[in-house]
Amino acid sequence: MKILVPVKRVIDYNVKPRVKADGSGVDLANVKMSMNPFDEIAVEEAIRIREAGKAEEIVVVSVGPTKAQETLRTALAMGADRAILVQVEDDVDVEPLAVAKILKAIAEQENPGIVMLGKQSISDDSNQTGQMLAALMGRPQGTFANTVEVDGDSVTVKREIDGGLETVKLSLPAIVTTDLRLNEPRYASLPNIMKAKQKPLENKTPADYGVDIAPRLKTLKVAEPPVRSAGIKVADVDELVAKIKALGIA
Amino acid sequence: MTAPLFDQWRARSPHYDDSHEAVCDSVRAFVTREIMPHVAEWEAAGELPRELHRKAAAAGVLGLGYPQEYGGSGTIGHDGGFDIFHSLVQSEELCRPGAGGIPASLQTHGIGLPPILATGSEELKRRIAPQVLAGEKVICLGITEPGGGSDVANLRTRAERRGSSYFVNGAKTLITSGMRADYITLAVRTGGAGIGGVSLLLVETERAGVSRTRLDKMGWLASDTATIHFDDVEVPAENLIGPENAGFGAIMRNFNGERLGMAQQAAAYARLCYEDALDWARQRETFGKPLVTRQAIRHKLARMLQMIHATQAMIDRAAWTVKTGCAFPGDFALLKVQATQTMEYCAREACQILGGASFVRGGRVERIYREVRVMAIGGGSEEIMYDLASRQFGF
């Protein structure tokens, strides 16, 4: 079985994002970028499935600028076998629907048993690509995966839902999106970083897959969240209890 | 353009590319997961757990700079695709917890192993290097003696050849990782007085006649430092590293790399001091205004940056001379002084900016302040470095 893992290059999760002065988006100039953490979990899970002997090949794909190559190399250094970069111009933001269409075209060429995606990217938190891909392809989906168990021609996914876990069994091929608690991704060892340079990385464009990536959405304004206002100090426990009661919390 | 952060200075340097950033990310992830949560615990214990060496080996951290045939990640410039700047990035990242004993003690093989790989017999290399690079065994370097440190030519620990063995008598002190080490690359006198009588001998610490005493220190708390006594310790002659009485050159060759690494560590600590001081100055209000708006504080921060930039430029140039094969020892002596003076200045000024907060135990700046002396004295004191440089530059 082959596993296809889409990965996205996003602002590093340690960086505090700043909004551009003109409110048109988040300032990405000179900011440290990394692989979307949920995608790292997806890469890790795919590697574990292969290590368990239930998959033979892991193909990673990224839709993004030239620099997204670094993200693909990270996935290759972790253990993926080959990579596809679907390159777009540096300042182009590709919306989930266009990404899903490109992934569908790649999946039709590659025929993976599982497409394993992060449940969402921490850049725009859309949480749509996996679901859209499943719908476009007419395949079953197991989203917000907490555990993934491949067994023959099916995959059992425990999903994180409000208030607990839901178990679904999907027949392959299927789409799985990964949640935070699925695994703890490995870090690439230093020798593997260098070995990753030798692994194949194919360069493509959205046109190669016949996908129009023109935006369907229009961003009106991006603004910083309002600054949290300071709390108040209470004199004693009685006043605290009274305040809590007044708020209707207890 | 937003102000560059701690790890963004490389983006505007000609010496660093994507592969250096990938090494940075990987080592940082290792440090964040395997080191950061344990700093206080290991500083209290006074030593690192063996497990950390094995984990560092698995991450490729221990092996960076060592031949793949002995289990390393690749020799700089030869195999594995790494250059000297990758090792600088790794040095910097291992300093991020601001606890100098951790990189020092985790990487004593960085001074203990190279003489074996450079001049040792094939049998010795195969016996020692793979175990050390796998994190299964700890190796340290024994040069300094209770009677003298930098005067390597006049060291007194004797190894006397009787039959097929050497018998070692004497003492070494201030030996990093000395309490835990399984092996010591030991500088001994096998011949007459002066540089022509010095050899290197690999001594297993489990041999009869080896005894060790733990030293308590001002800094490097997570590192075990020892005085080691040798009382008629029998060591087989196969453990001789390189030819007899030719140890002095091997010891001296070791120093360039050690000083470059220490300079990068000192620069990393200086950068952390700047980072923490700036963060504090932005948040702390005095007399109704943020500290960072005060001219006295702004000048301190700007001067810290000025010195850090100058030091890093000097480090990168020295590393470039290594990469291109035109390294000159006098440069490395002066580089070490430049770097530790920068660290000392930045540690002092960061403490002044943090005020009382820097005096309370547990903070990064407080720890780094206590690491200044070991950096300015260890690996060749500033005074010795100036003396060496003056001789190297021919005056």
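Residues numbered from 1 in each chain as written. Chains lettered and ligands numbered in written order. Predicted model: local features only at pLDDT ≥ 70, side-chain atom pairs only at ≥ 80, totals over all residues. Heavy atoms only, no water.

J.: Is there a simple way to think about the packing of aromatic side chains in this case?
T.: We describe a pair of aromatic rings using the distance from one ring centre to the other and the angle between the two ring planes. Residues and elements named next belong to chain B. In the structure shown here, the tally under the stated rule is three aromatic pairs over all chains. Plain terms: the ring middles of Phe328 and Phe393 are 5.0 Å apart, the flat faces sit at 75 degrees to each other, and that makes the pair edge-to-face. Of this pair, Phe328 sits in the loop between helix 10 (295-323) and helix 11 (329-354) while Phe393 is found in the segment after helix 13 (382-392), placing the two residues 65 residues apart along the sequence. A cation over an aromatic ring shows up here: Arg303 above the ring of Tyr345, its NZ or CZ 5.2 Å from the ring centre. (Phe/Tyr/Trp six-rings, centres within 6.5 Å; stacked < 30°, edge-to-face > 60°. Helix = DSSP H or I, 4+ residues; strand = E, 2+ residues; numbered from the N terminus. Lys NZ or Arg CZ within 6 Å of the ring centre and 35° of its normal.)

J.: What exactly am I supposed to notice about the packing of helix 4 (residues 84-94) of chain B against helix 10 of chain B here?
T.: Each packed pair of helices is defined by two parameters, the angle between the axes and the distance between the axes. Residue and element names in this part refer to chain B. Axis separation between helix 4 and helix 10 bottoms out at 9 Å; the angle between their running directions is 140 degrees. When the axes of helix 4 and helix 10 are compared, the pair comes out oblique. Contacts between helix 4 and helix 10 involve Ile84, Phe85, Leu88 and Glu92 from the first element and Gln312, Ile315, Asp316, Ala319, Trp320, Val322 and Lys323 from the second. Here the contact of helix 4 with helix 10 is composed, by residue class, of seven nonpolar, one polar and three charged. (Axes fitted to C-alpha atoms, helices over the stretch in contact; angles between N-to-C directions. Parallel < 35°, antiparallel > 145°, perpendicular 65-115°, else oblique. Contact = heavy atoms within 4.5 Å. Nonpolar A, V, L, I, M, F, W, Y, C, P; charged D, E, K, R; others polar.)

J.: Would you take a moment to explain the UniProt feature "domain: Acyl-CoA oxidase/dehydrogenase middle" (unreviewed entry) in chain B for this structure?
T.: Those places that UniProt annotates as "domain: Acyl-CoA oxidase/dehydrogenase middle" (unreviewed entry) correspond, in this numbering, to residues 140-233 of chain B. Helix makes up 0% of residues 140-233 of chain B and strand 51%, with an end-to-end C-alpha separation of 17 Å. (UniProt positions renumbered as here; feature names shortened; annotations may be inferred.)

J.: How should the UniProt feature "domain: Electron transfer flavoprotein alpha/beta-subunit N-terminal" (unreviewed entry) in chain A be read in this particular structure?
T.: The UniProt feature table records "domain: Electron transfer flavoprotein alpha/beta-subunit N-terminal" (unreviewed entry) at residues 23-213 of chain A. Split by type, residues 23-213 of chain A is 29% helix and 30% strand. Its first and last C-alpha atoms lie 23 Å apart.

J.: How should the side chain of Asn146 of chain A be read in this particular structure?
T.: Along the chain, the position of Asn146 of chain A falls in strand 7 (residues 141-151). In contact with Asn146 of chain A, not counting residues within four places along its chain, are Lys158, Glu160, Leu165, Arg181 and Leu182 of chain A.

J.: Got a minute to help me understand the environment of Arg207 of chain B in this structure?
T.: Residue and element names in this part refer to chain B. Structurally, Arg207 is set in the loop between strand 5 (198-204) and strand 6 (210-214). Separated by 142 residues in sequence, Arg207 and Glu349 place their C-alpha atoms 48 Å apart. Each residue touching Arg207, except ones within four places of it in the same chain, is listed here: Val233, Glu234, Val235, Pro236 and Asn239.

J.: Explain the interface of chain A and chain B here, please?
T.: Accessible area lost when the parts come together is the quantity often used to give the size of an interface. Contact with chain A, which involves 19 residues of that partner, is made by 26 residues of chain B. Carbon and sulfur atoms make up 57% of the area that chain A and chain B hide from each other, which totals about 1,900 Å². Our count for the chain A to chain B interface comes out at two salt bridges. The closest approach of N and O atoms between Arg33 of chain B and Glu184 of chain A, which form a salt bridge, is 3.2 Å. At the junction of chain A with chain B, the criterion picks out six residue pairs in polar contact (both at pLDDT 80 or more). For the side of chain A that touches chain B, the leading source of residues is helix 5 (residues 190-195) of chain A, giving four residues. For the side of chain A that touches chain B, the residue count by class is nine nonpolar, two polar and eight charged. (Buried area = accessible area lost by both parts, 1.4 Å probe. Salt bridge = Lys/Arg side-chain N within 4 Å of Asp/Glu carboxyl O. Polar contact = N/O pair within 3.5 Å; in protein donor to acceptor, adjacent residues only side chain to side chain.)

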